[in-house]
Amino acid sequence: MNVHGTVAEGFEPVRDAFARNFTSLGERGAAVAVYRDGRKVVDLWGGTRDVDDASGTEPWRRGTAQVVRSATKGVAAAVPLLLHRRGELDLDAPVGEYWPEFKAHGKERVLVRHVLNHRAGLPVLDRPLTPEEALDPRRGPAAVAAQAPVWEPGTDHGYHALTYGWLLDELVRRVSGGRGAGQWIADEIAGPLGLDLWVGLPAAEEAAGRAGRVGRLDEPEPSGSGNGPRLRPKRAVTEAYENPGSLTRRAFAAITPFPDQNDPEYRAAALPAANGIATADGLARFYAALIGEVDGVTRDVRLFDRATMELARAEESAGPDRILVVGTRFGLGYMLHGSASPFLGPGSFGHPGRGGSLGFADPETGIALGYVTNGFRQTVTADPRAQALVRAVRASLDRDPS
C-alpha cells in the first residue's frame, strides 16, 4: 500500500498506523491531517478516490474530499457559539423566542442550549421525511416544529442524529436574517481559513470532481491474535438498532429511506447534522482554529476565543444516552472525550461521523486532527481506524513531550 504525503519528525507512528489501516482494517481510501499549535505536522492520503473503484484507476489525491456524516455537527456547532459570542444568540433563551412556530406541543421550555447538548427531547419524527422533503430547507424545520418532545426537555439527553441539523439550521436562519448554517460556514469560517470544507457542495466543486464516492465496507476479519478491535456491540445496543419502534431506530430513520450520499442533489443540500464534505486537512484546520491561531487567506485566524472554547467543551450532558444506548458526554455541540468516543485526553472536544470520519481538538497539547474515509462501517462513535490514528498521535507525543 503506497501512502502519500508527509509527517514531521516524531510523528512517524501516525504514518505507520495509517498504513496498517489499509493492510489490517480493510481501508479503501482515506486521508488524515494533524496540526500542532497551528502548524501542520501530518498530511497523509492513500487508496482510491471512490470506495467502489476495485481496479484502483482513480487514486486518492491531495485535496480529495468526502462526505463526513456526523462530523459535520462539530463544524456546524461553531456557528451558534460564534453568534453567541457576538451577542446575537442567547444560549439560555427559549428557542421559541427566535422561532415562534417552534413553541407548539409543549416545547416552550426548550432552550437554545438544549439543541446543542442533545437535551431537547426531539430526536425523532413521528412521520419521517422522504429524501425529497429532507433536502428542502423548509421541510425539516417545519417537521421538528410540529413534533412533540419524547421526553421533558432538559431532563435527559439523547443523540439527535438528524433533527439536530434542522434545529440548528433554523435557529441560525432566524438570527442571521435568512442565512442558513451552510452559507454562514462558507462565508465566515471556510472562506477566511481557506478550508476545503462545505455544508452544501457548490456546483463548481461538484463539476470539478472534488468529492469521491462513499459506501459501506464489509467488516474486517477478526484478528487471530486477539489484539484486534472489538467489533461486536453490546446486546442492548444491537437490540436498540434492530427494534423498529425504539427511539434509536426512529432517530436514525428521521429520513426514510436515507438519500444516496453520492447523489449530487444530496451533496448540494445543506444538512448540518449529516452531509458536510471535507478534506482531512479542512477538518483538522477547522479544529486547529478553534484552539489557536492558524494562517488564513488574508490574516491569521482564530475562531474561538478562550471563553468560547471553554463553553464548547464544558460538560453539559453525561451518562446513558437514550438514543446511542451507551454512556456519552456532550458539551455545547461537541462530543467530549469518554469511553464511547475516545479522543486524545480529558479536555478534548470534537465529533465523529457514523462509520468512520473524525475531527477533534485537544487544547492541552495543541493537537487538532481530521480523518476522512470513503468506506463506512457499522461503528457510530469510535471507529477502529480513527482510533488507531488517535493512539498513534498519543504515542508520538509521548516520544516528544515538548
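The structure contained in this document is the topic of the report that follows. Since we're looking at a predicted model, the values are computed, not measured. (Residues numbered from 1 in each chain as written. Predicted model: local features only at pLDDT ≥ 70, side-chain atom pairs only at ≥ 80, totals over all residues. Heavy atoms only, no water.)

### A short note on the sheet that holds strand β4 (residues 66–67)
Thinking step 1. Taken together, 3 strands build an open sheet; the order of strands is β4-β7-β5 and the sheet is antiparallel. Each end of this open sheet is capped by a strand with a single partner; those strands are β4 and β5 (197–198).
Thinking step 2. Strand direction decides the pairing type here: β5 and strand β7 (residues 277–278), joined by 2 bridges, are antiparallel. Counterpart to L197 in the pairing with β7 is A278. (Pairing = 2+ DSSP bridges. Helix = DSSP H or I, 4+ residues; strand = E, 2+ residues; numbered from the N terminus.)

### Looking at the packing of helix α2 (residues 71–85) against helix α14 (residues 306–313)
Between two packed helices, the angle of one axis relative to the other and the distance separating the axes together describe the packing.
Thinking step 1. Viewed as axis vectors pointing N to C, α2 and α14 meet at an angle of 135°, and their least axial separation amounts to 11 Å. Considering their axes alone, α2 and α14 lie oblique with respect to each other. Crossing of α2 over α14 shows right-handed handedness. Each of L81, H84 and R85 in α2 lies in contact with α14, whose residues at this interface are T308, L311 and A312. (Axes fitted to C-alpha atoms, helices over the stretch in contact; angles between N-to-C directions. Parallel < 35°, antiparallel > 145°, perpendicular 65-115°, else oblique. Left-handed = near helix turned anticlockwise from the far one by under 90°. Contact = heavy atoms within 4.5 Å.)

### Comments concerning the packing of aromatic side chains
Thinking step 1. Scanning the model with the defined rule gives 10 aromatic pairs in all.
Thinking step 2. Ring geometry for Y159 versus F330: centroids 6.2 Å apart, planes at 10°, classification stacked. Residue Y159 is found in the loop between α6 (139–145) and α7 (163–175), and its partner F330 is found in strand β11 (residues 327–330); the two are separated by 171 residues along the sequence. Both residues of the pair, Y159 and F330, count as buried.
Thinking step 3. Centroid distance F258 to Y266: 6.0 Å. Interplanar angle 65°. Geometry classified as edge-to-face.
Thinking step 4. Residue F258 is classed as partly exposed on the basis of its relative accessible area, which comes to 35%.
Thinking step 5. Residue classification places Y266 among the buried positions, given a relative accessible area of 1%.
Thinking step 6. Taken together, the ring pairs connect Y159, Y241, F252 and F330 into an aromatic cluster.
Thinking step 7. A cation over an aromatic ring shows up here: K107 above the ring of F102, its NZ or CZ 5.0 Å from the ring centre.
Thinking step 8. If you follow R354 out to its NZ or CZ, it ends over the ring of F252, 4.3 Å from the centre. (Phe/Tyr/Trp six-rings, centres within 6.5 Å; stacked < 30°, edge-to-face > 60°. Buried < 20%, exposed > 50% of the residue type's maximum accessible area, 1.4 Å probe, protein only. Lys NZ or Arg CZ within 6 Å of the ring centre and 35° of its normal.)

### Considering the packing of α2 against α7
Thinking step 1. As a packed pair, α2 and α7 sit with axes 11 Å apart at the nearest point and diverge in direction by 30°. Taken together, the axes of α2 and α7 are roughly parallel relative to one another. Two packed elements cross with a definite hand, and for α2 against α7 that hand is left-handed. Across the interface between the two elements, K73, A76, A77, V79, P80 and L83 of α2 pack against Y164, L168, V172 and V175 of α7.

### Brief notes about the nonpolar core
Thinking step 1. Counting 80 residues, the largest nonpolar core has W166, I189, F286, F304 and Y334 as the members making the most contacts within it.
Thinking step 2. Once residues within four sequence positions are removed from consideration, F286 is found in contact with G74, V75, A78, I189, L195, L197, L303 and Y334.
Thinking step 3. Counting residues in hydrophobic clusters, the runner-up holds 39 residues, among them A8, A30, M335 and L397. (Core = buried A, V, L, I, M, F, W, Y, C linked by side-chain atoms within 4.5 Å.)

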